[in-house]
Amino acid sequence: MSTESLTENCIGWAARDVSGVLSPYKFSRRDLGSDDISLKITHCGVCYADVAWTRNRHGDSMYPVVPGHEIVGTVKEVGTNVKNFKVGDHVGVGTYVNSCRECEFCNDRQEVHCSKCVYTFNGIDVDGTVTKGGYSSYIVVHERYCFRIPDGYPLDKAAPLLCAGLTVYTPMMHHNMNQPGKSLGVIGLGGLGHMAVKFGKAFGLKVIVLSTSMSKREEALNLLGADNFVLSSDEQQIKNLTRSLDFIVDTASGDHPFDPYMSLLKVSGVLVLVGFPSKIILSPASLNIGAKTISGSVTGGTKITQEMIDFCATNKIYPEIEVIPIQYANEALDRMINRDVKYRFVIDIENSLN
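Cut-offs applied
- What you see as residue numbers is a count from 1 along each chain, following the sequence as written.
- With pLDDT at 70 or above as the cut-off, local features in this predicted model cover only qualifying residues; side-chain atom pairs require 80 or more to be listed or tallied, and sums for whole chains, interfaces and linings still use all residues.
- Neither water nor hydrogens contribute to the side-chain values; these are computed over all heavy atoms in the structure.
- Note on conventions: DSSP H or I runs of at least 4 residues are helices, E runs of at least 2 residues are strands, and numbering of each starts at the N terminus.
- Throughout, the radius of gyration refers to the C-alpha atoms, and the reference size of a globule is 2.2 Å times the residue count to the power 0.38.
- The cut-offs for exposure are 20% and 50% of the maximum accessible area for each residue type, with area from a 1.4 Å probe on protein chains only; residues under the lower value are buried, those over the upper are exposed, and the others partly exposed.
- In this analysis, strands are considered paired if DSSP registers two or more bridges between them.
- What counts as an axis is a line fitted to C-alpha atoms, over the stretch in contact for a helix, and the angles between N-to-C directions run from 0 to 180 degrees.
- It only takes one pair of heavy atoms within 4.5 Å for two residues to be counted as in contact.
- Here the word oblique covers every angle except those under 35 degrees (roughly parallel), over 145 (roughly antiparallel) and from 65 to 115 (roughly perpendicular).
- Each crossing gets its handedness from the near helix: less than a right angle anticlockwise from the far helix is left-handed, clockwise is right-handed.
- Gly falls in the polar group here, along with every residue not listed as nonpolar (Ala, Val, Leu, Ile, Met, Phe, Trp, Tyr, Cys, Pro) or charged (Asp, Glu, Lys, Arg).
- The term salt bridge refers to a pairing of a side-chain nitrogen on Lys or Arg with a carboxyl oxygen on Asp or Glu at a separation within 4 Å.

Colleague: If you had to explain the overall build of the chain to someone new, which residues and values would you point to?
Modeller: Helix and strand content of the chain: 13 helices and 17 strands. On C-alpha atoms alone, the chain measures out to a radius of gyration of 20 Å, which is about the 20 Å that the 2.2 N^0.38 rule sets for 354 residues. Each principal axis of the C-alpha atoms in the chain carries an extent, and together these give about 65 × 40 × 35 Å. Across the 354 residues of the chain, 55% fall into the buried class.

This is how it looks when you write it as structure tokens:
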């Protein structure tokens, strides 16, 4: 093991205050441990979490904040105890980089639910420093929280799988949405929604996109392969779908009514919420009549993360991305707020960060 990671300065882009404006920032990563991987970052996806914490939306940002938790790259160094990775491997890192490894959730490889889960950025690392994310040149992570990117899978397209892809794949598997012939409604067609459509089609589902924007229709049907597109503001179109869906994946984070969508579910149907609206208001009858379920979900544990990546590689499922240089990051975050992205920004770290 070399001493490179002990002395190398890391280059990144960070927000220094609640304005969220990113600019170049130099810092040091923690020392490489015996169970760690040092990963040269090639690409990093842009997630709404990057907006939330660079702009202190949750009131707990620890500045300077280096965002980014859809990280992919190449292993440049491994600790002495690392068994599953070697120098040169393509590897991904997602939304967290540590957990207690002793609780029921860690033992079940559902580390995201561990009370001591450490986020990839704006968390507290094992050495007591604040974790810093993928808008940077390299990262040091325990091998348990690293994921193999299969040979031949494009690294730029792999990045969004680590959050956007996993966030919809996890509840889809948990609620057995991989049943060919069943019907799936997808609310919202952004970074998460377009992946739900792709997974639904790969599972053999009939997929209906539910959107407030008619401009999404052509791409939903022709680019993403959805079976139908419904304008959710059209009461008649919604009424025509009454009790026709087995499942709904709701990716919308803006406030929206729930009763109309619950009316679309069949008996024992399930609506999974993966977005973060400010409130959920619905009539008890929307649940009780028809024995329906509304459920929430966040990303996923290490076992299902690798499973999802391998599933995408096997079935040639690729996110739709817009590759940008790091110098465009501030504009990208603004465009994300304005929903002006099809469908995920990915920063070309390797070729633009210097």
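Colleague: Quick rundown of the sheet that holds strand S15 (residues 293–296)? Include the residues and the values.
Modeller: One open sheet accounts for six strands, arranged S12-S11-S10-S13-S14-S15; its pairing is parallel. This sheet does not close on itself; its edge strands, each paired only once, are strand S12 (228–231) and S15. Each neighbouring strand pair of the sheet contributes to a mean axis angle of 20 degrees, computed without reference to strand direction. By the bridge criterion, five bridges tie strand S10 (residues 183–187) to strand S11 (residues 206–211) in an arrangement that is parallel. If you follow Gly-185 over to S11, its bridge partner there is Ile-208. The sheet contacts of helix H6 (residues 191–202) involve S10, S11 and strand S13 (245–250), and relative to S10 the element is tilted by about 170 degrees.

Colleague: Describe the packing of helix H5 (residues 164–174) against H6, and please don't skip the residues or the numbers.
Modeller: With their axes 8 Å apart at the nearest point, H5 and H6 run at an angle of 50 degrees to one another. Classed by the angle they form, the pair H5 and H6 counts as oblique. Crossing handedness for the pair H5 and H6: right-handed. Where H5 approaches H6, its residues Ala-164, Gly-165, Thr-167, Val-168, Tyr-169 and Met-172 are matched on the opposing element by Gly-191, Leu-192, Met-195, Ala-196, Phe-199 and Gly-200. Of the residues in the contact of H5 with H6, the class split is eight nonpolar, four polar and no charged.

Colleague: Go over the pattern of salt bridges, please, and point to the residues and values.
Modeller: Following the criterion strictly, the structure yields 15 salt bridges and no others. Here Glu-111 and Arg-144 are joined by a salt bridge, their closest N and O atoms 2.8 Å apart. Of the two residues, Glu-111 sits in the loop between helix H3 (104–107) and strand S7 (118–119) while Arg-144 sits in the loop between strand S8 (138–142) and strand S9 (146–148), which places them 33 residues apart along the sequence. Arg-144 sits in the buried class, given a relative accessible area of 16%. For the salt bridge of Lys-266 with Asp-246, the shortest nitrogen-to-oxygen distance reads 3.4 Å. Of this pair, Lys-266 sits in strand S14 (residues 265–273) while Asp-246 sits in strand S13, and the two are 20 residues apart along the sequence. Note on Lys-266: relative accessible area 30%, which makes it partly exposed. Under the relative-accessibility criterion, Asp-246 is labelled buried at 12%. What you see here is one network of salt bridges that share partners, running through Arg-30, Asp-36 and Asp-125.

None of the figures reported here should be taken as evidence of function without further support.
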